[in-house]
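The lines below spell out each chain.
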Amino acid sequence: MKQKLWFAKKLIMVLLAIAALGWVVMSLWNWIIPSIFTSAQTIDYFRALGLLVLSRILFGGFHGRGGWHHHKHMQRWQHMTDEEKEKFKQGMMGFHHRSKE
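Everything numeric in this text was worked out from a predicted model, so none of it was measured.

(A) Focus on the overall build of the chain. Helix and strand content of the chain: four helices and zero strands. Listed by position from the N terminus, the elements making up the chain come as α-α-α-α. Across the 101 residues of the chain, 8% fall into the buried class. Sequence separation of at least 24 residues holds for 28% of the intrachain contacts in the chain that already meet a minimum separation of 6. Accessible surface for the chain amounts to roughly 9,400 Å². Of this, 67% is attributable to carbon and sulfur atoms.

(B) Highlighting the pattern of salt bridges. Under the defined criterion, the tally for this structure stands at one salt bridge. Its salt-bridge partner being Arg47, residue Asp44 comes within 3.8 Å of it at the nearest N-O pair. The class for Asp44 is partly exposed, based on a relative accessible area of 35%.

(C) Spotlight on a nonpolar patch on the surface. Judged by side-chain polarity, Trp23, Val24, Leu28, Trp31, Ile32, Ile36 and Phe37 come together as a nonpolar surface patch covering roughly 760 Å² of accessible area. Summarising the element assignment, Ile36 is placed in helix H1 (residues 2–36).

(D) Quick look at H1. Its 35 residues give H1 an end-to-end C-alpha distance of 50 Å, which sits within 8% of 51 Å, the value for a rise of 1.5 Å per residue. Maximum bend of H1: about 30°, positioned at Trp29. Along H1, the residues classified as buried are Gly22, Met26 and Ile33. Summarising the contacts, the buried residues of H1 are in contact with helix H2 (45–59).

(E) The arrangement of the packing of H1 against H2 in detail. Put simply, H1 and H2 touch, their axes get as near as 8 Å, and they point 105° apart. Regarding the angle of H1 to H2, the classification is roughly perpendicular. The residues of H2 that touch H1, namely those facing Ile18, Ala19, Leu21, Gly22, Trp23, Val25, Met26 and Trp29, are Tyr45, Ala48, Leu49, Leu51 and Leu52.

(F) The packing of aromatic side chains, seen in detail. This structure, assessed with the given rule, holds one aromatic pair. Measuring from centroid to centroid gives 5.6 Å for Tyr45 and Phe46, while their planes differ by 80°, and the two rings are edge-to-face. In this structure Tyr45 comes out as partly exposed when scored by relative accessible area, which is 25%. Its relative accessible area of 65% is what places Phe46 among the exposed residues.

About the cut-offs
Residues numbered from 1 in each chain as written. Predicted model: local features only at pLDDT ≥ 70, side-chain atom pairs only at ≥ 80, totals over all residues. Heavy atoms only, no water. Helix = DSSP H or I, 4+ residues; strand = E, 2+ residues; numbered from the N terminus. Buried < 20%, exposed > 50% of the residue type's maximum accessible area, 1.4 Å probe, protein only. Contact = heavy atoms within 4.5 Å. Areas by Shrake-Rupley, 256 points an atom, 1.4 Å probe, with all protein chains shown as cover. Salt bridge = Lys/Arg side-chain N within 4 Å of Asp/Glu carboxyl O. Patch = residues over 30% accessible without salt bridge, like charges linked within 9 Å, V, L, I, M, F, W, Y side chains within 5 Å. Expected span 1.5 Å × (residues − 1). Bend = angle between axes of the 7 residues up to and from the residue. Axes fitted to C-alpha atoms, helices over the stretch in contact; angles between N-to-C directions. Parallel < 35°, antiparallel > 145°, perpendicular 65-115°, else oblique. Phe/Tyr/Trp six-rings, centres within 6.5 Å; stacked < 30°, edge-to-face > 60°.

Written out as structure tokens, the structure is:
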């Protein structure tokens, strides 16, 4: 019984969070985008939810601690030797310096 109650509470919290995010996206869009782009239109709540879904598909956000890709990279990092880790760090530092030029 406790698990069902916990699940119900969790489900309600997730639904409330999605509803709140939809409202925030709609409000921000309607406040900012039409004033920047004169041809842009305001959006309704369901289009805002659609934008949230689209951003999830395109950018993979909303997953907190890095998601699946982060997990794969952490596993790879943990299996590297100290020499491999140092070589990787040096390579990244060189990439970082080249990108600033």
